[in-house]
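Below are the chains, spelled out letter by letter.
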Amino acid sequence: MSGDEVMSTALKPEQEKRSELDPFRYGWRYAWQAGPNGQWKRVRVPLTQADVLHPQEDDFIVQNPAHEEDCHYLKTVLAAHLANRPGVVIYRDQRIDWGVAGIEPHGPDLAILENVPENLPRQLGTLHVKECGARPLLVIEVTSPTTRDVDLDEKIAEYDLAGIPFYAIVDRRFRNEREELRLMAYRATELGYVRVRLDAQGWLALGPIDLWLGVEDHHLVCRDAQGQRLLE
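Residue positions are given per chain, counted from 1 along the sequence in the order it is written. Confidence filtering applies because this is a predicted model: local features only for residues at pLDDT of at least 70, side-chain atom pairs given and counted only at 80 or more, and all residues used for totals across whole chains, interfaces and linings. Neither water nor hydrogens contribute to the side-chain values; these are computed over all heavy atoms in the structure.

### Notes on the sheet that holds strand β3 (residues 60-61)
Now for step 1: A sheet is described by the order of its strands in space; here 3 strands give the open sequence β2-β1-β3, paired in antiparallel fashion. Of all the strands in the sheet, the pair left with one neighbour each is β2 (40-46) and β3.
Now for step 2: Judged from the 2 bridges that link them, strand β1 (residues 27-34) and β3 form a sheet pairing that is antiparallel. Residue W28 lies in a different strand from β3, and its bridge partner there is F60. Strands were regarded as paired on the criterion that DSSP finds at least two bridges between them. Elements are defined by DSSP. Helices are runs of H or I of four residues or more, strands are runs of E of two residues or more, and each kind is numbered from the N terminus.

See the structure below:
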């Protein structure tokens, strides 16, 4: 990423100032702390950007309406598209331990895994991929202004090391005072992640699940291999 692009996609100055003044801009978790009188009490602790990258169970991570709209659309459409594939499960904001040494658990916006056992607890806090015999197919992250650089930097490197075969990014960014929506993706090779090219019409092929992702009228759109648009 060039320096010019970083500048053009940053928060607007007034937004950045408000964000820096808010210690809970990333979210929060509850923890026990000892008070002056020696009594323990449960307090709200602000999250850091590192906490967003590697969350704990029950963390509350702040999101925005555009992010929620994109994630809801993707979760709904993908669930319908994959409904007839036994053992394939779509997780949203699930803490996932990939079972790879040196890689801490992540909480992807959307993760699609196969060979997932049917008897996993419904209130599972952390999915341990290797322990349950599952296999990741695809991870999708939708960027947010305050944590965008994590999705475009650390997660690319860590998802590659974690063995995620396909990493797609829905990137909402500000450019020339306007918000725009672009698609990016990386696929695993023997030499590491390589960037996936969009087709001539700007559609992104989500290879592991035989689906295409595009942008129309500033909204996400999915279509199948036959070109049929998938509705919520």
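### Here we look at the sheet that holds strand β11 (residues 192-195)
Now for step 1: As summarised here, the arrangement of the 6 strands in space is β4-β6-β8-β9-β10-β11, forming an open sheet in which the pairing is mixed. Where the open sheet ends on each side, the last strands, each with one partner, are β4 (89-91) and β11. Neighbour-to-neighbour, the strand axes of the sheet open up by a mean angle of 20°, direction not taken into account.
Now for step 2: We call two residues in contact whenever any of their non-hydrogen atoms come within 4.5 Å of each other. Inter-axis angles, ranging from 0 to 180 degrees, are taken between N-to-C directions of lines fitted to C-alpha atoms, where helices are fitted over the stretch in contact. Each of β4, β6 (110-114), β8 (135-142) and β9 (166-175) touches helix α4 (residues 65-81); the most contacted strand, β8, lies at about 150° to it.

### Some points on helix α7 (residues 154-162)
Now for step 1: For α7, every residue scored as buried is listed here: K155, I156, E158, Y159 and A162.
Now for step 2: Considering only its buried residues, α7 is in contact with α3 (49-53), β8, α6 (148-152), β9, β10 (178-189) and β11.
Now for step 3: Where α7 ends, the next residue or the one after it, G163, has phi of about 85°, a positive value. Any residue under 20% of the maximum accessible area for its type is buried, any over 50% is exposed, and the rest in between are partly exposed; the area is computed with a 1.4 Å probe on protein chains only.

### A word on unusual backbone geometry
Now for step 1: With a phi angle near 55°, D93 is a residue other than glycine that sits in the positive phi range.
Now for step 2: For D93, the location among the structural elements is in the loop between β4 and β5 (95-97).
Now for step 3: One non-glycine residue, N115, lies in the positive phi region at around 60°.
Now for step 4: Within the secondary structure, N115 sits in the loop between β6 and β7 (126-128).

### So, the nonpolar core
One broad trend across soluble globular proteins is that nonpolar side chains are buried collectively.
Now for step 1: We call a set of buried Ala, Val, Leu, Ile, Met, Phe, Trp, Tyr and Cys residues a nonpolar core when their side-chain atoms join them within 4.5 Å. In terms of nonpolar packing, the biggest core is built from 31 residues, with L74, I112, L138 and V170 touching the most fellow members.
Now for step 2: Those elements giving two or more residues to this core turn out to be α4, β6, β8, β9, β10, β12 (204-206), β13 (211-216) and β14 (219-224).
Now for step 3: Among the elements that make up this core, the one with the highest residue count is α4 (5 residues).
Now for step 4: Among the nonpolar cores identified, the runner-up in size contains 22 residues, and W98, V116, L127 and I164 belong to it.

### Comments concerning the pairing of β6
Now for step 1: Extensive coverage of β6 is indicated by the burial of 5 of its 5 residues.
Now for step 2: Side-chain alternation along β6 places L110, I112 and E114 on one buried face and A111 and L113 on a second face that is also buried.
Now for step 3: Where β4 meets β6, 3 bridges bridge the pair, whose relative direction is antiparallel. Within β6, the position partnered with Y91 by the bridge is A111.
Now for step 4: The pairing of β6 with β8 spans 5 bridges and is classified as antiparallel. In the sheet register, A111 faces β8, and the bridge partner there is V139.

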